[in-house]
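Remarks on the overall topology
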Amino acid sequence: LRRLRVSPAQRKVSVHLHFSLSLAYARTRYDGYRSQEDVSKDVLNLSMYWYPSERRSIAVHAYHFDGGWGLPGSISEEDARENPRQAVAFSEQAAASWYRKRTRIGITHTLQIAGNLANKTTLYGNFTEKLNPFGTSAFFNGYKVEDAQGVGGRSVFDLKLSYGRIRQHLQA
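This structure is a prediction, so every number in the text was calculated from the model and none was measured.

**With respect to the pattern of salt bridges**
For the structure shown, the criterion picks out four salt bridges. A salt bridge links Arg 81 to Glu 77, with the shortest nitrogen-to-oxygen separation between them at 2.9 Å. Here the residue Arg 81 and the residue Glu 77 both occupy positions in helix α1 (residues 77-82), the gap between them amounting to four residues, near one helical turn. Residue class for Arg 81 comes out exposed when judged on its relative accessible area of 62%. With a shortest N-O distance of 3.8 Å, Lys 130 and Glu 146 are connected by a salt bridge. One end of the pair, Lys 130, is in strand β7 (residues 117-135); the other, Glu 146, is in strand β8 (residues 141-163), with 16 residues separating them in the sequence. Look at Lys 130 and you get buried, because its relative accessible area is 11%. With relative accessibility at 35%, the residue Glu 146 sits in the partly exposed group. Members of the salt-bridge network, linked through shared partners, are Arg 27, Arg 29 and Asp 42.

Calculation notes
Residues numbered from 1 in each chain as written. Predicted model: local features only at pLDDT ≥ 70, side-chain atom pairs only at ≥ 80, totals over all residues. Heavy atoms only, no water. Salt bridge = Lys/Arg side-chain N within 4 Å of Asp/Glu carboxyl O. Helix = DSSP H or I, 4+ residues; strand = E, 2+ residues; numbered from the N terminus. Buried < 20%, exposed > 50% of the residue type's maximum accessible area, 1.4 Å probe, protein only.

Structure below.
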C-alpha cells in the first residue's frame, strides 16, 4: 500500500493510492525422455487490488495458460526393452499432442454503502481453445478441437443487523 501526496503550486490536492499488485510468470520447456514427449508451457498470473477510498475497493484477477505436450502413446514391454525412448510410430506420424490456450479474468468492485450495508459486484470471463490430434493406430485416431467462451457476473448486497444480543446477516 502506498500513499502519495501531490501539492501543485497554490492548490493542495491529496491523492491516496492504496494499491497492490502480484504478477507471476512461469515457463516450462522439456524435450522429454521419449520421442514425441515434449512439454512447453507458459503461465501468467495477475492479482491486483486498488482501494480508491475507505469505502471502495477494486480487485482484478487474471490467469493465462498457453502450452501443450506431445503424446508418445504406450509401447509394449518388448519395444521398451529394445528402445525405451521410442514413441508409437502412429503417434509420431499423427503428431499426437495436446495444446491449450486459456484465459480467465475477473474484476470485483466492493462498496460499503452504509455502516451495515455493502455491495460486491463481480464480472468474469473464461476463454479457452484446445487442439488435440490423437492416435496410436489407424483404428484409434482423430483430431479434437474445443473452443469455449463464457462471461458472467453477480452482485450481492450484504446487510448486517443487530438488536441487542441478536445479530442478523442478510444477503441478496
